[in-house]
Amino acid sequence: MKNIVILISGDGSNMEAIIRTAKAQNWEKHLQARVAAVISNRPSAKGLGIAQHHGVTTQVVDHTSFANAPNPREAFDTALIKEIDQYAPALVVLAGFMRILAPFFVAHYEGQLINIHPSLLPAFQGLNTHQRAIEAGCQFAGATVHQVSAELDHGPILVQAIVPIMEGDTAEGLAARVLTQEHLIYPAAIAKLLEN
Ligand code: GAR
């Protein structure tokens with residue numbers, strides 16, 4: 001069985017879309033794969049309860065608890081690797097995981113670490129992607145599933161979804177429309193990776 005570990009920080013709607021698709025498409029039977037665990041860096045992440053509701057094991061590695069370590073970021077990433085590796089994952093899926101990961105973390109999961117970003121990369125890396133796309137006068141926004149490389153929001157593109165920007169669009173309205181597309185492309189990209 002190929003284990004998928006999903007990392008979240010917040011709502012976990014992409015995580016839920018992946019869990020639901022895995023069930024609906026019976027990934028255990030057809031892809032010999034399952035969502036083995038959901039790990040959050042925030043104890044209050046809404047997605048933790050949703051994962052539990054779906055019967056998926058959850059863990060918390062709270063980044064704030066490493067604040068007094070000599071190198072807090074390195075200590076957090078090291079603890080996260082230890083937690084993830086308990087599941088011997090075939091795939092580590094960042095789904096709204098809002099921490100920048102160190103190069104040693106990325107190297108540890110080379111070829112096995114993917115992310116979803118709410119823009120048409122390489123445009124609008126970083127935060128506030130929808131507001132920036134609207135302000136730039138873009139006619140299209142979207143989302144990108146990509147392999148994670150050491151540089152933030154880089155790495156080979158696996159799938160993109162394109163969403164038109166409407167007259168008078170707000171960042172919130174656009175984000176909600178893009179999110180519905182994210183829920184389709186992320187599970188599809190994962191299934192395709194697991195097939196190969
Ligand atoms: C999603 O829109 C995702 O693309 C974005 O955060 C949201 C998480 O929503 N990720 C990033 O901005 C990563 N830099 P969710 O928790 O409901 O899946």
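Here's a quick rundown of the structure. Nothing here was measured: the structure is a model prediction, and the numbers come from that model.

The immediate surroundings of the ligand are formed by Asp-11, Gly-12, Ser-13, Asn-14, Gly-96, Met-98, Ile-116, His-117, Pro-118, Leu-179 and Glu-182. Between the ligand and Gly-12 there is a distance of 2.8 Å, counted from an oxygen atom to a backbone nitrogen or oxygen. The contact in question runs from an oxygen atom of the ligand to an N or O atom on the side chain of Glu-182, over 2.7 Å. About the coverage of the ligand: the protein hides 83% of its 450 Å² of free accessible area. Because more than half of its atoms lie within 2 Å of the grid, the ligand is assigned to the largest pocket. Within the residue set of the shell around the ligand, elements represented by two or more residues are helix 1 (13-24), strand 5 (113-117) and helix 7 (171-195). Class assignment for the residues of the shell around the ligand results in four nonpolar, five polar and two charged.

We now examine the side chain of His-146. Along the polypeptide, His-146 turns up in strand 6 (residues 140-147). Once residues within four sequence positions are removed from consideration, His-146 is found in contact with Leu-113, Ile-114, Asn-115, His-117, Leu-121, Asp-153, His-154, Gly-155, Pro-156, Ile-157 and Leu-158.

Moving on: the pairing of strand 3 (residues 57-60). One ladder, built from four bridges, connects strand 2 (residues 33-40) with strand 3; its direction is parallel. Paired with Ser-40 across the two strands is Val-60, which belongs to strand 3. With respect to chirality, the unit in which strand 2 leads through helix 3 (residues 46-53) into the neighbouring parallel strand 3 is right-handed.

Here the focus is the packing of helix 1 against helix 7. Here helix 1 crosses helix 7 at 50 degrees, and the two axes come no closer than 9 Å. The pairing of helix 1 with helix 7 is recorded here as oblique in orientation. The way helix 1 lies across helix 7 gives a crossing that is right-handed. Taken together, the residues of helix 7 that come into contact with helix 1 (itself represented by Ser-13, Asn-14, Ala-17, Ile-18 and Thr-21) are Leu-179, Glu-182, His-183, Tyr-186, Pro-187 and Ile-190. Among the residues forming the contact of helix 1 with helix 7, the class breakdown is six nonpolar, four polar and one charged.

Turning to the pattern of salt bridges, a few remarks are in order. When charged atoms on two side chains of opposite charge get close, those side chains can pair. Applying the stated criterion to the full structure yields two salt bridges. Across the salt bridge formed by Glu-16 and Arg-20, the nearest N and O atoms sit 3.2 Å from each other. With Glu-16 and Arg-20 both in helix 1 and four residues apart, the pair spans about one turn of that helix. Among the salt bridges present, the one from Arg-177 reaches Asp-169, with a minimum N-O distance of 2.8 Å. Classification of Asp-169 as buried rests on a relative accessible area of 15%.

Empty space within the largest pocket amounts to approximately 990 Å³. As for the largest pocket, its lining consists of 38 residues, and the residues nearest its centre are Gly-96, Phe-97, Met-98, Ile-116 and Pro-118. For the lining of the largest pocket, the secondary-structure elements that each account for two or more residues are helix 1, strand 5, helix 6 (129-135) and helix 7. Per-element accounting of the lining of the largest pocket gives the leading share, five residues, to helix 7.

Our next topic: the nonpolar core. Formed by 37 residues in total, the largest nonpolar core has its most connected members in Ile-4, Ile-6, Trp-27, Val-93, Tyr-186 and Ile-190. With eight residues, helix 7 is the single largest residue contributor to this core. Residues within four places of Trp-27 in sequence aside, it is in contact with Ile-4, Ile-18, Thr-21, Ala-22, Gln-32, Ala-33, Pro-187, Ile-190, Ala-191 and Leu-194. Of all hydrophobic cores here, the second largest spans 22 residues; its members include Ala-36, Phe-105, Val-106 and Val-148.

Cut-off values and rules
Residues numbered from 1 in each chain as written. Predicted model: local features only at pLDDT ≥ 70, side-chain atom pairs only at ≥ 80, totals over all residues. Heavy atoms only, no water. Near = heavy atom within 4 Å. Polar contact = N/O pair within 3.5 Å; in protein donor to acceptor, adjacent residues only side chain to side chain. Areas by Shrake-Rupley, 256 points an atom, 1.4 Å probe, with all protein chains shown as cover. 1 Å grid on protein atoms, 1.4 Å probe; cavity = no way out; pocket = protein on both sides within 12 Å on 5 of 7 lines; lining within 4 Å. Sits in = over half its atoms within 2 Å of the grid points. Helix = DSSP H or I, 4+ residues; strand = E, 2+ residues; numbered from the N terminus. Nonpolar A, V, L, I, M, F, W, Y, C, P; charged D, E, K, R; others polar. Contact = heavy atoms within 4.5 Å. Pairing = 2+ DSSP bridges. Right-handed = clockwise from strand over helix to strand, strands pointing away. Axes fitted to C-alpha atoms, helices over the stretch in contact; angles between N-to-C directions. Parallel < 35°, antiparallel > 145°, perpendicular 65-115°, else oblique. Left-handed = near helix turned anticlockwise from the far one by under 90°. Salt bridge = Lys/Arg side-chain N within 4 Å of Asp/Glu carboxyl O. Buried < 20%, exposed > 50% of the residue type's maximum accessible area, 1.4 Å probe, protein only. Points joined across faces, edges and corners; volume = space filled by probe spheres on them. Core = buried A, V, L, I, M, F, W, Y, C linked by side-chain atoms within 4.5 Å.

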